[in-house]
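# Inside the fold
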Amino acid sequence: MNDSVSKSATSGSNPPLRGAAGDFCAVLQLDAAGRVTGANAAARTLWQSGADSLAGEAFSALFAFEVVSSDPEFLEAQWEVLLASTLDRDTVLSARPRDGAPREVRVRLEPALGGGPGYLATVRPPAKRGGGSNPPIPAGDDLVGGLRLLADRGAAGFFDLNLKSGRVQFSTAWKKLLGYTAAELPDSLETWHRLIHPDDSAASPDKLARKLAAGTTAKPFSIEFRMRHRRGHWVWIQCLGVQSLGPDGQLERVVGVHLDITERKELEDSLVANDARLQDLAGGGPLALFELDFANADFWFSPVWESLLGYKEGELARTPASFGACLPPEEAAAGVEAWLLARAPGETSFVEPVRLRAKDGKPVSVLFGAHRTVTRKRELTRVVGFACPFPAAAAEPDDGALSGRFVDEAFAALAESVVVTDPRGKILYANPAALRVLRLEPAAILHQPLGDVFRLVNRQSGRTADDPVDRALSSDAPLGLIGEDGLAPAAKDGAVTPLVWTARPVFGSDGKARGVILVFRNPEEMTLTPEELVKANRFESLGLLAGGIAHDFNNLLTTILGALSLATDNRDTSALGDAEQACMTAKGLTKQLLAFAKGGAGTHTVCTAKELLEDSIKIAAAGATAELTLTVAEGVSPIHVDRAQLLQVFQNLIVNALQAMPPPPHRPRLQIQARNVALAENQIPGLAGGNYVEFEVRDNGAGIKPEHVEKIFDPFFTTKKHGTGLGLATVLSIVRKHGGQIGLDTQVGVGTAFTVYLPQAENPVDVQARRAASFRFGTGRVLFMDDDPKISALTATMLESLGYKHDLAKNGEEAIALYKRYLNIGRPYDAVIMDLTVVGGMGGEECFKELRQLDADVRAIVASGYDNEEMAREFLDKGFCGYLTKPYRVGDLGKVLKAVLG
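Residues numbered from 1 in each chain as written. Predicted model: local features only at pLDDT ≥ 70, side-chain atom pairs only at ≥ 80, totals over all residues. Heavy atoms only, no water.

The geometry of helix α25 (residues 812–824) relative to helix α26 (residues 844–854) is characterised by a closest axis approach of 10 Å and an angle of 15° between their N-to-C directions. As judged from the angle between their axes, α25 and α26 are roughly parallel. Judged by the twist between their axes, the crossing of α25 over α26 is right-handed. Contact residues: α25 offers Gly812, Ala815, Ile816, Tyr819, Lys820 and Leu823, while α26 offers Cys847, Glu850, Leu851 and Leu854. Considering only residue class, the contact of α25 with α26 consists of seven nonpolar, one polar and two charged. (Axes fitted to C-alpha atoms, helices over the stretch in contact; angles between N-to-C directions. Helix = DSSP H or I, 4+ residues; strand = E, 2+ residues; numbered from the N terminus. Parallel < 35°, antiparallel > 145°, perpendicular 65-115°, else oblique. Left-handed = near helix turned anticlockwise from the far one by under 90°. Contact = heavy atoms within 4.5 Å. Nonpolar A, V, L, I, M, F, W, Y, C, P; charged D, E, K, R; others polar.)

As structure tokens, then:
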């Protein structure tokens, strides 16, 4: 047989087949991977190929399927399905010739002769049948033929599980119900168990009847469960059939039909959810409901309606007169229907404040809403509506507002100068501090244009600055602290008074501007504590760094989005590794940014100079075009510092250097280096002798003018157009706080070098022990809580891939309800993963406290976007068992679960 195939494969001619419906037998020899190694003449004719042209082709590629791909992994998966459906059995497929339409053939695979690797494929015409594209109706009108027609083409799917013989049958309609063709899904019990939902497996009819008493021969059943569709979603199934038992009471056979009831289940779930929402609002909630059905004389008031108006439950008679009794007498004189029709004429629904009358006659202020059904004759047939009581504070007169005297006293107590204007810039108020700075009396400032008494000029150029009122009203965002302006002198030869100022517009409820509040102060009178100085500089630096950070994030997002586009559009997954690496880089950048924004926590750690400088560069040099080199000498000693504050030091120095660069064609360069030095006593002013680490940040910028050198470390001194002068003052404060000193070397036109000296640490670097790699797969049930549905869906897929069963909750209330349900049946969750912050619901920390009261042994894991060791330690001290940082990969999720569950 093998010899004949080989000879046929070498023949150069392709004899024609005997016709579209004629007999032929195409034989192909396949290797173990499903590739053609030889073919006879009939095969070459069928696929219209020349001599040896079929050799090396994938056997599955010779047939037409719904999805066609040349991807090796796809072809391998297609071959596995083809092998399972055609090995030792005939299966009807569509052969795909080189030219022309596909033709239906009967395919059978058999193991190669002699037991060697590979297979022998025979391809014949399909069994003879009637014309048309669909199989003919079986001859005769017997019951068997009708049932077969129903099983193949009906809406119900038929199945037969013969557990005794191991023979399983699924009808074509059964497979179509789950999105498969007849050839794609093997008839096996393994298929059944693979497709049924794991949580519904106990309801499977092949297991349900094992609980029946011996002696029962057959029992009908009707159950509902879920099965997985070919596209991955779950289909709700109504399963009806018969279970057959043997003499020993064991289940031998299950026969039945499947109906898709997904739409019905979704409708049921929606109705239950809607009813639950209504019950929450109208049962014990604040919403009082009523329905007046005049057409059917059916009237209803909810218990909350009765309670709101002082009645006992059931005390209010179900009549229109009862509704009329709840209306003020002067408004109900014309009748209930007239009162309801008089509201918002011409509209179907309305909402307005109304004063109802309680049982004791007292008024009750409510927000009243209703939907009316009216005939063409303007007759009222049905009204359904609600009443919601106003909060006590809203119902009372507004007596709690601050009086003008309180406002005057509050502004007078401020050290800052405050001026309030109308939208046109006329001054309405000025506090004593403003009068002192402007050297004016109240009578000389009130109702005057702001520009006449508050004339701003640029401190560097002397040009008139923009009007503060116009800037505040035209700005898309609140103005920051502005320090480049000053108050113009009253005389020509006078000096400009330096100012630091900001302004905010005030809008009314209609969205129109009501005025502007201007706050200003002379910076020479401003003092800050070292802590305030560091904090103020940190927020200023974040604004300066935002553009560069956004640039770097966009580059990373380009890598991620491009890789996903290739994978989804071109089925090219080669770039997904780069996308994953970009995600991890973005995660690291976010961690550095959060650490910088939060600032130091007073915790000193031992860290290396190289790591500190590298992390500083990531943020400070983001998006910069300068040539930047980092040189750290071998063997540089570690330093014992508040890491976040030292990041702030070097980020300030780097940003200052980058901003000092002249415009193009100048080519900016920045050199950063670190080395060990031994200093003698007073070799550096203010430093004791000893071993230090010397850090240098050197640029080739414009340099610092001699008249400015003595002032650069003073708070609020700046030569920049947009700056507050806090950067170098902050650097000096932090460095001295750590027992160090800072030096300066500058030359105009050449560049500037700042040198920082910090004491060497006495202890080695703090190294966090690396956990040994752990097995990432596990078993158990996990409860995952997050208010983001996309994160929940993605994590659910990860948990499934790790072998864990799971339930999802969108807030703490749902998580507690699910935990109670399984705790009550003695099956508490093995672990609970919860997000800390939930919008509009109970968050993770509060939920954890409730769960610990239910189950002292609950194993909870925090899922947070804050990659912060101190925060992780804080929650572990509160009783959480693990800390999972977002974003996370499958491996990260598996490791934390393995660490918690053991």
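Moving on to the sheet that holds strand β17 (residues 427–430). Spatially, β17-β16-β22-β21 is the arrangement adopted by the four strands of the open sheet, whose pairing is antiparallel. Strands with a single pairing partner mark the edges of an open sheet, and in this sheet they are β17 and β21 (500–507). Taking the axes of each pair of neighbouring strands and ignoring which way they run, one obtains an average angle of 20° across the sheet. (Pairing = 2+ DSSP bridges.)

Another aspect to go through is the pairing of strand β1 (residues 26–30). Across the five residues of β1, four count as buried, placing the element largely inside the fold. Sheet topology places β1 next to strand β5 (residues 119–124); five bridges connect them, and they run antiparallel. In the sheet register, valine 27 faces β5, and the bridge partner there is threonine 122. For β1 and strand β2 (residues 36–39), the ladder comprises three bridges, and the chain directions are antiparallel. From the neighbouring strand, leucine 28 faces β2, where its bridge partner is alanine 39. Linking two consecutive strands that pair antiparallel, namely β1 and β2, is a turn of five residues; a positive phi of about 85° is found at glycine 34 within it. (Buried < 20%, exposed > 50% of the residue type's maximum accessible area, 1.4 Å probe, protein only.)

Scanning all chains against the criterion turns up 30 salt bridges. Between arginine 264 and glutamate 268 there is a salt bridge, with the nearest N and O atoms lying 3.0 Å from each other. Note that arginine 264 and glutamate 268 are positioned in helix α8 (residues 262–282) at a spacing of four residues, about one turn of the helix. The class of arginine 264 is partly exposed, set by a relative accessible area of 33%. In this structure, arginine 889 and aspartate 892 form a salt bridge, with 3.6 Å as the shortest nitrogen-oxygen distance. (Salt bridge = Lys/Arg side-chain N within 4 Å of Asp/Glu carboxyl O.)

The next point concerns a nonpolar patch on the surface. Residues Leu240, Val257 and Leu259 make up a contiguous nonpolar surface patch of about 190 Å² in total accessible area. Relative to the helices and strands, leucine 259 resides in strand β10 (residues 251–260). You can call leucine 259 partly exposed: its relative accessible area is 34%. (Patch = residues over 30% accessible without salt bridge, like charges linked within 9 Å, V, L, I, M, F, W, Y side chains within 5 Å. Areas by Shrake-Rupley, 256 points an atom, 1.4 Å probe, with all protein chains shown as cover.)

Applying the stated rule across the entire model yields 25 aromatic pairs. Within the aromatic cluster, the residues linked to one another by ring pairs are Phe290, Phe301, Trp305, Phe323, Trp339, Phe350 and Phe368. A cation sits over an aromatic face here: lysine 265 above tryptophan 236, 4.3 Å from the ring centre. Lying across the ring of phenylalanine 875, lysine 878 places its NZ or CZ 4.9 Å from the centre. (Phe/Tyr/Trp six-rings, centres within 6.5 Å; stacked < 30°, edge-to-face > 60°. Lys NZ or Arg CZ within 6 Å of the ring centre and 35° of its normal.)

Among the nonpolar cores identified, the biggest contains 32 residues, and Ile639, Leu646, Phe650, Leu653, Phe695 and Val756 are the most heavily contacted of them. Mapped by element, the contributors of at least two residues to this core are α20 (609–620), β25 (639–641), α21 (643–659), β26 (669–679), β27 (690–699), α23 (727–737) and β29 (751–759). The leading source of residues in this core is α21, at seven residues. Residue contacts for phenylalanine 650: discarding those within four places in its chain leaves Leu612, Leu613, Ser616, Phe695 and Val756. Counting 28 residues, the second-largest nonpolar core is a separate cluster that includes Leu292, Phe294, Cys326 and Trp339. (Core = buried A, V, L, I, M, F, W, Y, C linked by side-chain atoms within 4.5 Å.)

When pLDDT is averaged across the protein, the result is 78; 78% of the residues are at 70 or more. The low-confidence segment residues 1–15 (pLDDT under 50) makes 38 contacts with residues lying over four places distant or belonging to another chain. (pLDDT = per-residue confidence, 0-100.)

Turning to the sheet that holds β5, a few remarks are in order. Read from one edge of the open sheet, five strands run β2-β1-β5-β4-β3, paired in antiparallel fashion. Of all the strands in the sheet, the pair left with one neighbour each is β2 and β3 (91–95). Averaged over all pairs of adjacent strands, the angle between strand axes in this sheet comes to 35°, irrespective of strand direction. Docked against the sheet, helix α3 (residues 72–86) engages β1, β3, β4 (103–111) and β5, running at close to 85° with respect to β4.

Attention now goes to the packing of helix α24 (residues 789–802) against helix α28 (residues 890–901). Where α24 meets α28, the closest approach of the two axes is 10 Å, and the angle between their N-to-C directions is 65°. Crossing angle aside, the handedness with which α24 passes α28 is right-handed. Two secondary-structure elements touch here, α24 through Thr795, Met798, Leu799, Ser801 and Leu802 and α28 through Val890, Leu893, Gly894 and Leu897. The residue makeup of the contact of α24 with α28, split by class, is six nonpolar, three polar and no charged.

Our next topic: α24. In this model α24 runs 20 Å from its N-terminal to its C-terminal C-alpha over 14 residues, within 8% of the 20 Å that 1.5 Å per residue would give. Considered for burial, the residues of α24 that qualify are Ser792, Thr795, Ala796, Met798, Leu799 and Leu802. Summarising the axial view, the buried residues of α24 lie within an arc of 165°, below the 170-degree limit, and thus occupy one face. In this structure, α24 carries Pro789, Lys790 and Leu794 as exposed residues pointing more than 90 degrees from its buried face. Close packing links the buried residues of α24 with β30 (781–785), β31 (805–809) and α28. The backbone nitrogen of lysine 790 has a side-chain oxygen 2.9 Å away, supplied by the residue at the start of α24, namely aspartate 788. Directly beyond the C-terminal end of α24, a positive phi value near 95° is found at glycine 803. (Expected span 1.5 Å × (residues − 1). Arc of directions from axis to C-beta. Polar contact = N/O pair within 3.5 Å; in protein donor to acceptor, adjacent residues only side chain to side chain.)

With respect to the element layout, glycine 780 can be found in the loop between β29 and β30. Counting along the chain gives 26 residues from glycine 780 to histidine 806, while the straight-line C-alpha distance between them is 8.3 Å.

In this section: the environment of leucine 380. Tracing the chain through its elements places leucine 380 in strand β15 (residues 380–389). In this structure leucine 380 comes out as buried when scored by relative accessible area, which is 5%. Separated by 86 residues in sequence, leucine 380 and phenylalanine 294 place their C-alpha atoms 7.2 Å apart. Those residues in contact with leucine 380 that sit more than four places away from it in its chain are Phe294, Glu337, Leu340, Leu341, Arg372, Thr373 and Val374.

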